[in-house]
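Report on the structure
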There are 6 protein chains.
Amino acid sequence: MSAKTPKESMTVMTEIVLPNDTNALHNLRGGKILHWMDIASAIAAGKHSNAVVVTASVDNVSFENPIKLGDVVVITAKVTRAFKTSMETHIEVWAENLPTETRYRCNEAFYTFVALDSNGKPKKSNELIPETEVEKKHYEGALRRRQLRLVLAGRMKPDDATELKSLFTDIKA
Amino acid sequence: MSAKTPKESMTVMTEIVLPNDTNALHNLRGGKILHWMDIASAIAAGKHSNAVVVTASVDNVSFENPIKLGDVVVITAKVTRAFKTSMETHIEVWAENLPTETRYRCNEAFYTFVALDSNGKPKKSNELIPETEVEKKHYEGALRRRQLRLVLAGRMKPDDATELKSLFTDIKA
Amino acid sequence: MSAKTPKESMTVMTEIVLPNDTNALHNLRGGKILHWMDIASAIAAGKHSNAVVVTASVDNVSFENPIKLGDVVVITAKVTRAFKTSMETHIEVWAENLPTETRYRCNEAFYTFVALDSNGKPKKSNELIPETEVEKKHYEGALRRRQLRLVLAGRMKPDDATELKSLFTDIKA
Amino acid sequence: MSAKTPKESMTVMTEIVLPNDTNALHNLRGGKILHWMDIASAIAAGKHSNAVVVTASVDNVSFENPIKLGDVVVITAKVTRAFKTSMETHIEVWAENLPTETRYRCNEAFYTFVALDSNGKPKKSNELIPETEVEKKHYEGALRRRQLRLVLAGRMKPDDATELKSLFTDIKA
Amino acid sequence: MSAKTPKESMTVMTEIVLPNDTNALHNLRGGKILHWMDIASAIAAGKHSNAVVVTASVDNVSFENPIKLGDVVVITAKVTRAFKTSMETHIEVWAENLPTETRYRCNEAFYTFVALDSNGKPKKSNELIPETEVEKKHYEGALRRRQLRLVLAGRMKPDDATELKSLFTDIKA
Amino acid sequence: MSAKTPKESMTVMTEIVLPNDTNALHNLRGGKILHWMDIASAIAAGKHSNAVVVTASVDNVSFENPIKLGDVVVITAKVTRAFKTSMETHIEVWAENLPTETRYRCNEAFYTFVALDSNGKPKKSNELIPETEVEKKHYEGALRRRQLRLVLAGRMKPDDATELKSLFTDIKA
């Protein structure tokens, strides 16, 4: 059991939008983006935990700009915080049209994973030590997002979600 | 412009879990499930709006049971409510191991779509008239979930999210 | 060993016609339809027999209307009759163009499957009890179609095909 | 408009059985074989007619031996006879396990295709001149098989199927 | 351990260029051609050695003519010479536009493979006896190409590459 | 027309080895690696030239270590030198087994591309200014490798390959 930095789990995927993944207006389907994000962040979680991982949850994702056929998609993922057996990852998706040199943001999201041992049982993961300002912000917010997931999944009573309550207060302020 | 019932957009997809979509422990990747859910619900939204649709957002998804290699996956999707140019859909995912006759639930989720006209501009969608008790409950909750999406995406001030506030109150109660 | 109704094996698959499965005129290849029909009916046969199944034969298929790129294809399959170790399934294929609300029939067919035990040996399948008028008609015709298959495959002498003979008589009448 | 020999449309496809195309017992799905056969015979029909072609029908297919994961599949197809706008093709499927030097037959079948012009309308195809004994036998049987297809599809009255009647007589003899 | 002729390993693959394998100008990606060539020549090497094989190297490949979407690609491969545990194969790629009856050459190449036993260890392969003039020329050149590969990979000192030296002399002459 | 550094075309692809891309011993097929390398380097060449590009040639590639099923593959590519209408790219392939934290090198290669304008005609590409020591070494070697390609493709007389001759001299020394 040791500690790792977010940089150590950093994963970069580059893909091209192909016809089979687009709809009739030549936009990349959202489901394909979610699929690629899952693979990129599962690799990041695998690098952090040195284990096989399974997706536990996906947070709310909003798609900002449609990605067009033939454009290049760049997905980056890294671990934001490690809990007992689960890890949260942050993923960013950008697209680029090479001939016109246009680069545009598509979306960001948080996926969580559970590390499994060779018998398929959850195993304790390495700790995460954030380094940059953004990493520290993600690390702190992870607790609050975790409580929101548990409440939405019906596995935590709202009253026990102390971190989440402060968010509510902030939102309402 | 006319009105449709949820039943009219009902879409059923049946898939088999293939090796290329599993991880080293032979569990179906979460990203593939999210991808299939997107296709099933995009068809449901297309049936409702008779238009090409693009995914606008995906709500928080928790995966309850890992789906195994070779199992049959059944995905059902229908529209829960239509807004001006967007529609919310509800999706349920069940899996089945045929030799052992085991049927288990994997997850449920809400995806939203925007209907586009042939120039790729958002177009007004048909209204939705819920019929069953569950459909009516989904219809009513849609407003609250929509406000949560807008707040999380930074496109609505918490103070304007009147429906959402009542949820906060419920949660805190 | 028990009995099941056709409804219990009912399988619905919904697919979208993607560019890679079409020819230069943007029609879905017949071979891809045959492939989807095989998966849908294998799942139906698997539900009926609770076993792994292998395709034994495909009856004559005529394609009525070309299916276009981007259209939604709906395939339904259910078991029509169970023999000692084989089962016959009936499959129907419809397509739908969502923006124009056009629904058109593509074809129907009968596929047969053999149920296998875990050693890959044929195993006795559950009986089938037809319920509706159509199911009863399919059940009765299954014997005749089975004899036609055996004769065409050179595994039954025409003279022993008593059910088939009556079909010949009908046709010639 | 000219005439071609079957040799000129001869098409050979070689494929490897991959995990995603097999069932739980590692047998290649029948539907995948039907799909490959469709592509091979469509290329043969395209070579003969120098046109885009669509699948019109598939005759009864019986699968003789299951094909195993990792085996090499060799599919050969050639045109057997050209009618006004349709063509019949004959396809043979063999498989081979390279390490054990085992070669086994899987099945044969007849597929028919319609040649289309650039507007998607049926176009007259080149004539076919059979050369070998087998090609001549396939050429002669084509008329009978065509009548069987039309009768089974409900597009020809049994009484008008003069070629087919003689088959019935042969079978019954 | 026995000897085989090149004809015995002859492998023919026929493929259609699909949208997902092309770039924005509808040309087949070079990488896909290299992939198909690898499969065709791996099957040829597998037929020769009756073993599982792994790709050891690919020689310089120049692409002569872009292959267009929808065109038919024919790849032929056969073994040119067997060394102790490795084999060299020669591959030719032609493409054909069926409607215009245009046939054009894309490229040729040499790939080498190592035969493995069931433990994944290199195993001695069958000898190769060339028959035709072209096969004999390929057989003789194989030694020279092998030395070039070893020198380029830094596994042979140029001074020991006696066959290669004569090539240098020829080139310089 | 402007100049760019290699860093500006730097492309990182991360992939997982899936069952369908492996052989019977669970090694990734060499052809799939060549395919991924082509996509990564085509994106790098596209970034440098802001144009659609086609693969012109692939230099000799030797595979150093077999890559295993489930391992993560990281491919990096950048442009090494721009000629009139073609560009050379350098690609490196590493693989990683996450559970055992083993990282191993698979191979490196040089691919060349031609930039095309919207009519599919070769267009002049941006200049390349190498920055690091390795980039400068690659830049200088590019001329020699280009002559070797032209000589091997039969498009340059050995006597005109002045840069290449010095390589021969070096090798023989």
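Note: the structure precedes this text.
Notes on the structure follow.

Analysis parameters
Residues numbered from 1 in each chain as written. Chains lettered and ligands numbered in written order. Predicted model: local features only at pLDDT ≥ 70, side-chain atom pairs only at ≥ 80, totals over all residues. Heavy atoms only, no water. Helix = DSSP H or I, 4+ residues; strand = E, 2+ residues; numbered from the N terminus. Rg over C-alpha atoms; globule rule 2.2 N^0.38 Å. Buried < 20%, exposed > 50% of the residue type's maximum accessible area, 1.4 Å probe, protein only. Contact = heavy atoms within 4.5 Å. Areas by Shrake-Rupley, 256 points an atom, 1.4 Å probe, with all protein chains shown as cover. Buried area = accessible area lost by both parts, 1.4 Å probe. Salt bridge = Lys/Arg side-chain N within 4 Å of Asp/Glu carboxyl O. Polar contact = N/O pair within 3.5 Å; in protein donor to acceptor, adjacent residues only side chain to side chain. Nonpolar A, V, L, I, M, F, W, Y, C, P; charged D, E, K, R; others polar. Pairing = 2+ DSSP bridges. Axes fitted to C-alpha atoms, helices over the stretch in contact; angles between N-to-C directions. Least-squares fit on C-alpha atoms with pLDDT ≥ 70 in both. Parallel < 35°, antiparallel > 145°, perpendicular 65-115°, else oblique. Phe/Tyr/Trp six-rings, centres within 6.5 Å; stacked < 30°, edge-to-face > 60°. Lys NZ or Arg CZ within 6 Å of the ring centre and 35° of its normal. Expected span 1.5 Å × (residues − 1).

**Some words on the overall build of chain A**
Per the secondary structure count, chain A includes 4 helices and 8 strands. Listed N to C, the secondary structure of chain A is β-α-β-α-β-β-β-β-β-β-α-α in terms of helices and strands. Relative to a compact globule of 173 residues, whose C-alpha radius of gyration would be 16 Å, chain A shows 17 Å and is just as compact. Counting only C-alpha atoms, chain A reaches 50 × 45 × 30 Å along its principal axes. Looking at the 173 residues of chain A, the share that counts as buried comes to 59%. Sequence-distant contacts in chain A: of pairs separated by 6 or more residues, those separated by 24 or more amount to 69%. For chain A, the accessible surface area stands at approximately 7200 Å², while carbon and sulfur atoms represent 52% of it.

**Notes on the interface of chain D and chain C**
Contact with chain D, which involves 40 residues of that partner, is made by 40 residues of chain C. Across the interface of chain D and chain C, roughly 3400 Å² is buried in total on both sides, 65% from carbon and sulfur atoms. At the boundary of chain D and chain C, one finds 0 salt bridges. In this structure, the connection of chain D to chain C is made through 10 residue pairs in polar contact (both at pLDDT 80 or more). Each residue belonging to the side of chain D that touches chain C can be placed in one class, and the counts come to 19 nonpolar, 12 polar and 9 charged.

**Notes on the sheet that holds strand β5 (residues 72-82) of chain B**
Read across the sheet, 6 strands follow the order β4(A)-β3(B)-β7(B)-β6(B)-β5(B)-β2(B) without closing on themselves; strand pairing throughout is antiparallel. Looking along the sheet, the strands with just one partner apiece sit at the ends: β4 (61-62) of chain A together with β2 (11-16) of chain B. By the bridge criterion, 6 bridges tie β2(B) to β5(B) in an arrangement that is antiparallel. Note on β5(B): the bridge partner recorded for B:Ile16 is B:Val72. Contacts between helix α2 (residues 30-49) of chain B and the sheet are confined to β2, β3 (52-58), β5, β6 (86-97) and β7 (102-116) of chain B, with β7(B) contributing the most and set at about 50° to the helix. Across the sheet, helix α3 (residues 133-152) of chain B lies against β3, β5, β6 and β7 of chain B, angled at about 80° from β5(B), the strand it touches most.

**Some details on the environment of D:Val74**
Its location among the elements puts D:Val74 in strand β5 (residues 72-82). Setting aside residues up to four positions removed in sequence, D:Val74 forms contacts with D:Val12, D:Met13, D:Thr14, D:Glu92, D:Val93 and D:Trp94.

**Topic: the pairing of strand β6 (residues 86-97) of chain E**
All names here are of chain E. Counting buried residues in β6 gives 9 out of 12 residues, a clear majority hidden from the surface. Relative to β6, strand β5 (residues 72-82) runs antiparallel, the two sharing 10 bridges. Across the sheet, the residue bridging to Val-73 is Ala-95, located in β6. Turn length for the β5-β6 hairpin, with the two strands adjacent in sequence and antiparallel, is 3 residues. Sheet topology places β6 next to strand β7 (residues 102-116); 12 bridges connect them, and they run antiparallel. What sits directly across from Glu-96, in β7, is Arg-103.

**Describing the relation of the copies chain D and chain C**
Least-squares fitting of chain D to chain C yields an RMSD of 0.0 Å, with the transformation described by 0.0 Å of translation along the axis and a rotation of 180°. Here the copies are linked by what is in effect a two-fold axis. Across chain D, the rotation axis passes nearest the C-alpha of D:Asn60, at a separation of 2.3 Å.

**Here we look at the packing of helix α2 (residues 30-49) of chain C against helix α2 (residues 30-49) of chain D**
In the contact formed by α2(C) and α2(D), the axes pass within 8 Å of each other and the chain directions differ by 175°. With respect to each other, α2(C) and α2(D) are oriented roughly antiparallel. Counted together, C:Gly30, C:Gly31, C:Lys32, C:Leu34, C:His35 and C:Asp38 of α2(C) and D:Gly30, D:Gly31, D:Lys32, D:Leu34, D:His35 and D:Asp38 of α2(D) form the full contact between these two elements. Residue classes in the contact of α2(C) with α2(D) are distributed as 2 nonpolar, 6 polar and 4 charged.

**Brief notes about the arrangement of the chains**
Note that chain B does not reach chain E: the shortest distance linking a C-alpha of one to a C-alpha of the other is 18 Å. In this view chain C stays clear of chain F, with the nearest C-alpha atoms of the two still 18 Å from each other.

**Let's talk about the packing of aromatic side chains**
One pass over the full model with this rule turns up 6 aromatic pairs over all chains. Pairing E:Tyr111 with E:Phe113 gives two aromatic rings, centres 6.5 Å apart and planes at 15°, and the pair type is stacked. In this pair, the class of E:Tyr111 matches that of E:Phe113, namely buried. One Lys or Arg, B:Arg146, reaches over the ring of B:Phe83 and ends 4.6 Å from the middle of that ring. Directly above the aromatic system of D:Phe110 lies the positively charged group of D:Arg145, at a separation of 3.7 Å from the ring centroid.

**Overview of helix α2 (residues 30-49) of chain F**
Here α2(F) spans 28 Å end to end across 20 residues, near enough to the 28 Å set by a 1.5 Å rise per residue. Count one or two residues on from α2(F) and you reach F:Asn50, which has phi positive near 45°.

**Considering the environment of B:Leu143**
Residue and element names in this part refer to chain B. Along the chain, the position of Leu-143 falls in helix α3. Once the C-alpha coordinates of Leu-143 and Leu-164 are considered, the two residues, 21 residues apart in sequence, prove to be 8.2 Å apart. In contact with Leu-143, other than residues within four places in its own chain, are Arg-81, Phe-83 and Glu-163.

**Section: the pattern of salt bridges**
Within this structure, the stated rule accounts for 48 salt bridges over all chains. Residues A:Glu88 and A:Arg149 are paired through a salt bridge, measuring 2.5 Å at the closest nitrogen-oxygen approach. Of the two residues, A:Glu88 sits in strand β6 (residues 86-97) while A:Arg149 sits in helix α3 (residues 133-152), which places them 61 residues apart along the sequence. One salt bridge in this structure joins F:Arg105 and F:Glu64, with 3.2 Å as the shortest N-O distance. Taken together, the positions of F:Arg105 in strand β7 (residues 102-116) and F:Glu64 in the loop between β4 (61-62) and β5 (72-82) put the pair 41 residues apart, joining distant regions of the chain.

**Quick word on the environment of A:Thr85**
All names here are of chain A. Summarising the element assignment, Thr-85 is placed in the loop between β5 (72-82) and β6. With relative accessibility at 28%, the residue Thr-85 sits in the partly exposed group. Sequence spacing of Thr-85 and Val-114 is 29 residues, and the spatial spacing of their C-alpha atoms is 5.7 Å. Beyond its immediate sequence surroundings of up to four residues, Thr-85 is in contact with Phe-113, Val-114, Ala-115, Pro-122, Lys-123 and Lys-124.

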